[in-house]
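Inside the fold
Now for the letters of each chain:
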Amino acid sequence: MKRIIYTHGKNPKPPAGDHRRQLLRCLLHGVRKIDPGIAAEIETSDCFGLVSWSHLFYEKTRDIAQDLPWIDRLLEEVDPPADIKAARPLKYRVARAMYVVGDHLPWLIPLIPDNRVKLSIRETTNYFCNHDNTGCLIRRLQKEPLREAAEQGDCVLLIGHSMGSIIAYDSLWELEHLEGFRGCVDTFLTLGSPLGMNYVQRRLIGQNEQQLGQYPCNIRNWINISSRGDLVALDPSLENDFRAMIGNHCVESIKDMRADILNHYRDSMGLNVHKSYGYLVNPFVAKVIADWWRDA
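Below or above, wherever it landed, is the structure these notes cover. (Residues numbered from 1 in each chain as written. Predicted model: local features only at pLDDT ≥ 70, side-chain atom pairs only at ≥ 80, totals over all residues. Heavy atoms only, no water.)

1. Notes on the nonpolar core
Applied cut-off: Nine residue types can take part in a nonpolar core, namely buried Ala, Val, Leu, Ile, Met, Phe, Trp, Tyr and Cys, and a core is a set of them joined through side-chain atoms within 4.5 Å. In this scheme, a residue with accessible area under 20% of its type's maximum is buried, one over 50% is exposed, and one in between is partly exposed, where area comes from a 1.4 Å probe on protein chains only. Going along the chain from the N terminus, every DSSP run of H or I of four or more residues is numbered as a helix, and every run of E of two or more is numbered as a strand. In this analysis, two residues are considered to be in contact whenever any of their non-hydrogen atoms come within 4.5 Å of each other.
The biggest cluster of nonpolar side chains holds 39 residues, and the ones touching the most others in it are L27, I42, L189, I225 and I289. If one sorts the elements of this core by residue count, helix α12 (residues 283–295) sits on top with seven residues. When sequence neighbours within four positions are dropped, the list of residues in contact with L27 reads I42, F48, I159, L280 and I289. Listed in part, the 38 residues of the second largest apolar core include Y58, I138, A149 and L175.

2. Topic: the sheet that holds strand β2 (residues 48–51)
For the record, the criterion: Strands are treated as partners if at least two bridges between them are detected by DSSP. Working convention: axes come from line fits to C-alpha atoms, limited for helices to the stretch in contact. Angles between N-to-C directions cover 0 to 180 degrees.
As summarised here, the arrangement of the six strands in space is β2-β1-β3-β4-β5-β6, forming an open sheet in which the pairing is parallel. Here the strands that pair on one side only, and so sit at the sheet edges, are β2 and β6 (253–257). Between one strand and the next, the sheet's axes are offset by a mean angle of 15°, whatever the strand orientation. Here strand β1 (residues 2–7) runs beside strand β3 (residues 155–161); their pairing, made up of six bridges, is parallel. Across the sheet, residue I4 finds its bridge partner in β3, namely L157. Helix α1 (residues 16–34) rests against β1, β2 and β3 of the sheet, and its axis sits at about 130° to β2.

3. Thoughts on the packing of α1 against helix α2 (residues 36–45)
How we decide: The scheme is simple: roughly parallel for angles under 35 degrees, roughly antiparallel for over 145, roughly perpendicular for 65 to 115, oblique for anything else. Side-chain classes are defined by residue name, with Ala, Val, Leu, Ile, Met, Phe, Trp, Tyr, Cys and Pro counting as nonpolar, Asp, Glu, Lys and Arg as charged, and the others, Gly among them, as polar.
Running from N to C, α1 and α2 point in directions that differ by 150°, and their axes come no closer than 6 Å. As summarised for this structure, α1 and α2 are arranged roughly antiparallel, according to the angle between their axes. Residues L24, L27, L28, V31, R32 and I34 of α1 touch α2, and the partners they reach there are P36, I38, A39, I42 and E43. For the contact of α1 with α2, a count of residues per class yields nine nonpolar, no polar and two charged.

4. What to know about the environment of P12
Inspection of the secondary structure assignment puts P12 in the loop between β1 and α1. In contact with P12, other than residues within four places in its own chain, are S54, Y58, K60, T61 and R62.

5. Observations regarding the packing of aromatic side chains
Here is the rule we go by: Put simply, two rings from Phe, Tyr or Trp (the six-membered ring, in Trp's case) pair if the centres are within 6.5 Å, and we call them stacked under 30 degrees between planes, edge-to-face over 60, tilted for the rest.
With the rule as written, the count across this model stands at 10 aromatic pairs. Both rings, one in Y169 and one in W222, keep their centres 6.1 Å apart while their planes meet at 45°; by these two values the pair is tilted. With Y169 in helix α8 (residues 163–177) and W222 in strand β5 (residues 219–225), the pair connects residues that are 53 residues apart, well separated along the chain. The two residues Y169 and W222 agree in class, both being buried. One aromatic cluster is present, built from ring pairs that chain together Y169, F188, W222 and F242.

6. A look at the pattern of salt bridges
To be explicit about the condition: Salt bridges are defined as contacts in which a side-chain nitrogen from Lys or Arg sits within 4 Å of a carboxyl oxygen from Asp or Glu.
Per the stated rule, a full pass over the model turns up 18 salt bridges. Note that D260 is salt-bridged to R228, the shortest N-O span being 3.1 Å. In this pair, D260 is assigned in the loop between β6 and β7 (266–267) and R228 in the loop between β5 and α10 (244–247), connecting sequence segments 32 residues apart. A relative accessible area of 49% means that D260 is categorised as partly exposed. With a relative accessible area of 22%, R228 lands in the partly exposed category. A network of salt bridges, in which partner residues are shared, links R139, K143, R147, E174 and E179.

7. Overview of the state of the cysteines
Rule in force here: In what follows, a disulfide is any cysteine sulfur pair within 2.5 Å.
Tallied over the full model, the rule gives one disulfide. The disulfide bridge from C217 ends at C250, spanning 2.3 Å between sulfur atoms. In this pair, C217 sits in the loop between α9 (198–201) and β5 while C250 sits in the loop between α10 and β6, placing the two residues 33 residues apart along the sequence. With relative accessibility at 6%, the residue C250 sits in the buried group.

8. Looking at α1
Just so we agree on the cut-off: Helix span, as expected, comes to 1.5 Å for every residue beyond the first.
In a regular helix each residue adds 1.5 Å, so 19 residues correspond to 27 Å; α1 covers 27 Å between its end C-alpha atoms and thus fits that length. Those residues of α1 not exposed but buried are H19, Q22, L23, L24, C26, L27, L28, H29, G30 and V31.

9. Considerations on helix α3 (residues 68–75)
Along α3, the residues classified as buried are I71, R73, L74 and L75. For α3, the elements touching its buried residues are α1, β7 and α11 (276–281).

10. Points about the pairing of strand β4 (residues 185–191)
This is how it is decided: With the strands pointing away from the viewer, any crossover whose connection runs clockwise from the first strand over the helix to the second is right-handed.
Counting buried positions along β4 gives seven out of seven residues, so the element sits mostly inside the fold. Of the strand pairs in this sheet, β3 and β4 are connected by five bridges, and their pairing is parallel. In the sheet register, H161 faces β4, and the bridge partner there is L191. For the crossover that starts at β3, traverses α8 and ends in the parallel β4, the hand is right-handed. Examined bridge by bridge, β4 and β5 share six bridges and lie parallel to one another. Pairing of L191 across the sheet is with I225, part of β5.

Here it is as structure tokens:
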């Protein structure tokens, strides 16, 4: 059986059912343009599962009605060429410099004037500090479908967007080194991932583990994609940071997609190159999904 497991990123999300429907809608739209037959198979197989964890992190949910007009606009492909220049304006370069400061000198974070930067780093810290046991509870949600897939011998495409890629990585480490499950994931697809940040890498589960092993070894192939202008993917290259996983035979390959990838999602605030819906309709992402489905 083929199984697609999607783990979302930070910020309050819509109720799980509503969120899953729109994520799948975008994924199918992208894959349909690559291979309509595979899109039809995914749509009828009921293989797409969402790891919805934001209710453990936030006290509120997001009304899906806020997103629907913008998702419709995205799928109608309104004015995508205009996004190329909009992806890296001056404010992007200033904000990126702030992220770099926070990544290398965390003690300067309180002095950063951009509240978005401080909030992002603070929320990531809350996960790593396991505030109110939230980190453990989130990983428990993540591990449930992965454990089930391993027990059934399913072929798994695990998609981690943003902080979801951290949660997925940590959960895979725990599944192997603490629970003994191997061979969980055929392809690990990370989208807009912060795993390239020094701040994140120093805090990953197993990072300083010598006896059990530093890395998860239950991933066959790892593909990383980041959009032009995505601040969360501050360092868009993961292959160089996790190359030791290949040398230690923990993974067969790690590939960063380096093409000029664009995320065209817009809402009332303007272009949002980090949004999950925009990633899922992207042709590069869709091709990875279609290729995995064909070869699984």
